[in-house]
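# A structural walkthrough
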Amino acid sequence: EKLAGMYARNWTKYEADPFMAALSGAGPGGDAVAGYKIKQALNFVTSHQGCQRNMAYDAMREEVLARGEGKVVENDTILVDTGKFTGRCPKDRYIVDSGEAHKNVDWGDVNIPIKESTFNKVFDCCAERLWGLEKVYVFDGFVGSSKKSRRAVRVVTELAWHHHFCTNMFIRPTEEELESFVPEITIINSKATFSEWKEHGLRSETCVAVDMDRGLGVVTGTQYSGEMKKGAFSMMNYLLPLQGIMSMHCSATVGPAGDTAIFFGLSGTGKTTLSADTTRYLIGDDEHGWDEDGVFNLEGGCYAKMIDLNPVKEPLIHAAIRRDAILENVVVDAEGKCDYKDGSRTENTRGSYPMWHIPNHEPTGKAGHAKNVIFLTCDAFGVLPPVSKLTTEQALYHLVSGYTAKVAGTEMGVTEPTATFSTCFGGAFMPLPPKRYAELFRSKIEQHNVNVYLVNTGWTGGAYGVGKRMDIVATRAIVSAILDGSIEQAELSAPDEHFQLRFPTALGQIDPAVLDPRKAWADEAAYRATCEKLAGMYARNWTKYEADPFMAALSGAGPGGDAVAGYKIKQALNFVTSHQGCQRNMAYDAMREE
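Keep in mind that this is a model prediction, so the values were computed, not measured. (Residues numbered from 1 in each chain as written. Predicted model: local features only at pLDDT ≥ 70, side-chain atom pairs only at ≥ 80, totals over all residues. Heavy atoms only, no water.)

Moving on to the overall build of the protein. A tally of helices and strands in the protein yields 22 helices and 28 strands. If one aligns the C-alpha atoms of the protein with their principal axes, the spans along those axes are about 110 × 65 × 45 Å. For the protein, the proportion of its 594 residues judged to be buried stands at 55%. In the protein, once contacts between residues fewer than 6 apart in sequence are set aside, the share between residues at least 24 apart is 73%. Working note: accessible area of the protein is about 25,900 Å², and carbon and sulfur atoms make up 51% of it. (Helix = DSSP H or I, 4+ residues; strand = E, 2+ residues; numbered from the N terminus. Buried < 20%, exposed > 50% of the residue type's maximum accessible area, 1.4 Å probe, protein only. Contact = heavy atoms within 4.5 Å. Areas by Shrake-Rupley, 256 points an atom, 1.4 Å probe, with all protein chains shown as cover.)

In structure tokens:
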């Protein structure tokens, strides 16, 4: 250590020059050791004597139970507890700031940079623990149903139930694909404790980090399984747009006639619930791409919220919770019966299951171009309409804004709905600047004449604590009207003065008072004040984009923008057809008399 320190101190005189500074990693304390250890860590399959690779479902089940990681509850399902963390840890999520990622990533409070050297140390710490275990579990599979753009993913875990989770959630390879498998993305996950977190500027000993350039990910300090799939998803959200392919935090279905529908939304807004439709085929419930051939799933399973799961309102999801599914943090009684209404452990109770547990899933994981796109927002203020038809500019504005409420339990520390703006309804997983996703979305709308709607699954008649949650039956009726096209025949309101949104004045059997949020409030003064409050939040959020001309131009599509004025001008041009008292091109004598 003494001599290594002398080497290092001597080299400091060269560090002002980039060429020389780059060579410092080849000396004492540099990257060579870490690089070697990382390379070794990618060889678990061939080098670790206790490696269990791509286990069969029955074998995984036996392993989880034998190790005491879970227990059998109703419907022969395995229940596990995720320990301290029952949701994601967004403030402990990092991206390596090096190589191409340095110039491509939209750095900030969401995409937090980490030095490559620090990442290497965390990765090494995690890998070292895995090497010391009697058994490790390796899942090899794919992210992406389109073979043109899919990536081979390897996930190495300490826990057998994490292996089970990955088998549910990623796309399983054929025997032939497994024989020639070469990972392009490798994620390792262990219970290792990174004790040097303070010295390296991390927030805590929990670290969820990805290296885009090397295709590496590490999860340590948390057993919440969603971190693994979201790590892979974040990488795809980085890689696909750079290939000109749109990546989306959404669910997707396709109808018998081949009409594809996309549901954007953060966790808890209804993506999984509303896409579980017995009249349509499920493409996927959370993560998708959209290329020149159409929409494709990135996953091989579903990860649904279990809180308040109801067999009447959500029959497909309820039926999917059976053998080979995994429940997380669900409360059960002494007989193993699940109480899905009990959120005492967490509101973010979860269930993962393979896609084939949904009988009407689309087996290819692919479909054609979207006909309808639905933005799901959980409006905690209760002032957005249940459904609004968006123009192209409004669609881009609301995609980038990604307004919703963080629903209790999805992230640690969130115990009640809190207003938030999350880029593309999934900002925590969108590494690139919002403009990149918006431009791709515009091209899809224009190329395929896509209808875009904003659907509020949140509150009505008042804000959270005063109003009530939107009835799922009414929301399903709205979605059905969008998918069958009947909403296109509905008369739309004028743009409202606060948000410039146009909504149907009547729609099937839905109470018109529900469609108009103003009528749903008993106190109009409180309604207007709340509208102004939320509109101001939209406007303040958008200020961070105004330096870019493309983004600045979209501001007119949001609250306080140009839509209301534009609508009035358009109406003013329709006097001939719209004004009952219109006198057109009168004769001279008639004019004289008039």
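With that out of the way, let us pick up the sheet that holds strand β2 (residues 70–73). Spatial ordering of the open sheet is given by β2-β3-β17-β20-β16, a layout of five strands whose pairing is mixed. Edge positions in the open sheet fall to β2 and β16 (301–305), since each of these has one partner strand only. Across the sheet, the mean angle from the axis of one strand to that of its neighbour is 25 degrees, orientation sign disregarded. Of the strand pairs in this sheet, β2 and strand β3 (residues 77–80) are connected by four bridges, and their pairing is antiparallel. For Val73, the partnering residue across the bridge sits in β3 and is Thr77. The sheet contacts of helix α5 (residues 57–66) involve β2, β3 and β20 (350–354), and relative to β2 the element is tilted by about 115 degrees. Lying on the sheet, helix α8 (residues 160–169) is in contact with β3, β16, β17 (326–328) and β20; it crosses β17 at an angle near 115 degrees. (Pairing = 2+ DSSP bridges. Axes fitted to C-alpha atoms, helices over the stretch in contact; angles between N-to-C directions.)

Below, the discussion takes up the packing of α8 against helix α10 (residues 226–242). Running from N to C, α8 and α10 point in directions that differ by 45 degrees, and their axes come no closer than 10 Å. As judged from the angle between their axes, α8 and α10 are oblique. Crossing of α8 over α10 shows right-handed handedness. Across the interface between the two elements, His162, Phe165, Cys166 and Met169 of α8 pack against Gly226, Met228 and Lys229 of α10. Taken together, the residues that form the contact of α8 with α10 break down as four nonpolar, two polar and one charged. (Parallel < 35°, antiparallel > 145°, perpendicular 65-115°, else oblique. Left-handed = near helix turned anticlockwise from the far one by under 90°. Nonpolar A, V, L, I, M, F, W, Y, C, P; charged D, E, K, R; others polar.)

Here we come to the packing of aromatic side chains. Applying the stated criterion to the full structure yields 23 aromatic pairs. Taken together, a centroid distance of 6.4 Å and an interplanar angle of 45 degrees make the contact between Phe264 and Phe425 tilted. On the criterion of sequence distance, the pair formed by Phe264 in strand β12 (residues 260–264) and Phe425 in the loop between β25 (418–421) and α14 (434–448) is long-range, its members being 161 residues apart. Overall, the relative accessible area of 1% leaves Phe264 in the buried class. What links up through ring pairs into an aromatic cluster is the set Tyr397, Tyr403, Phe421, Phe499, Tyr538, Trp542 and Tyr545. Of note, Arg150 hangs over the ring of Phe142, and the distance from its end group to the ring centre comes to 3.6 Å. The residue whose ring lies beneath Lys230 is Phe429, and the NZ or CZ to ring-centre distance is 4.3 Å. (Phe/Tyr/Trp six-rings, centres within 6.5 Å; stacked < 30°, edge-to-face > 60°. Lys NZ or Arg CZ within 6 Å of the ring centre and 35° of its normal.)

What follows deals with the nonpolar core. Of all hydrophobic cores here, the largest spans 93 residues; its most connected members are Ile262, Phe264, Trp290, Val373, Phe375 and Phe441. Here Ile262 is in contact with Met248, Cys250, Ser251, Ala252, Trp290, Val295, Ala370, Asn372, Val373 and Ile374, once residues within four sequence places are set aside. Membership of the second largest hydrophobic core comes to 24 residues, among which are Phe119, Cys125, Val138 and Phe194. (Core = buried A, V, L, I, M, F, W, Y, C linked by side-chain atoms within 4.5 Å.)

Before going further, it helps to spend a moment on the pairing of strand β6 (residues 136–143). A regular strand places its side chains so that they alternate between the two faces of the sheet. Burial analysis of β6 places eight of its eight residues in the buried class, which makes it a mostly covered element. Bridge count between strand β1 (residues 51–53) and β6: three bridges; the pairing is parallel. Within β6, the residue paired with Cys51 across the bridge is Val136. Alignment of β6 against strand β7 (residues 151–157), held across seven bridges, turns out to be antiparallel. By the bridge assignment for β7, Val138 is matched with Val156.

With that settled, consider α5. For α5, every residue scored as buried is listed here: Tyr57, Met60, Arg61, Glu63 and Val64. End-on view of α5: buried residues confined to an arc of 165 degrees, all on one side of the axis. More than 90 degrees from the buried face of α5, the exposed residues found are Glu62 and Ala66. Those residues of α5 that are buried are in contact with β2, β3, β6, α8 and β20. Taken from the residues just after α5, Gly68 is the one with a positive phi, measuring 70 degrees. (Arc of directions from axis to C-beta.)

Moving on: the pattern of salt bridges. Under the criterion given, the structure shown has 30 salt bridges. Where Arg214 meets Glu116, a salt bridge forms, and the shortest distance between an N and an O atom there is 3.9 Å. With Arg214 in the loop between β9 (207–211) and β10 (216–220) and Glu116 in helix α7 (residues 116–131), the pair connects residues that are 98 residues apart, well separated along the chain. Its relative accessible area of 31% is what places Arg214 among the partly exposed residues. When its relative accessible area of 28% is taken as the criterion, Glu116 is described as partly exposed. Note that Glu292 is salt-bridged to Lys148, the shortest N-O span being 3.3 Å. One end of the pair, Glu292, is in the loop between β14 (287–291) and β15 (294–297); the other, Lys148, is in the loop between β6 and β7, with 144 residues separating them in the sequence. An identical accessibility class is assigned to Glu292 and Lys148; each is exposed. The structure contains a network of salt bridges with shared partners spanning Lys229, Lys230, Lys271, Asp286, Glu287 and Glu299. (Salt bridge = Lys/Arg side-chain N within 4 Å of Asp/Glu carboxyl O.)

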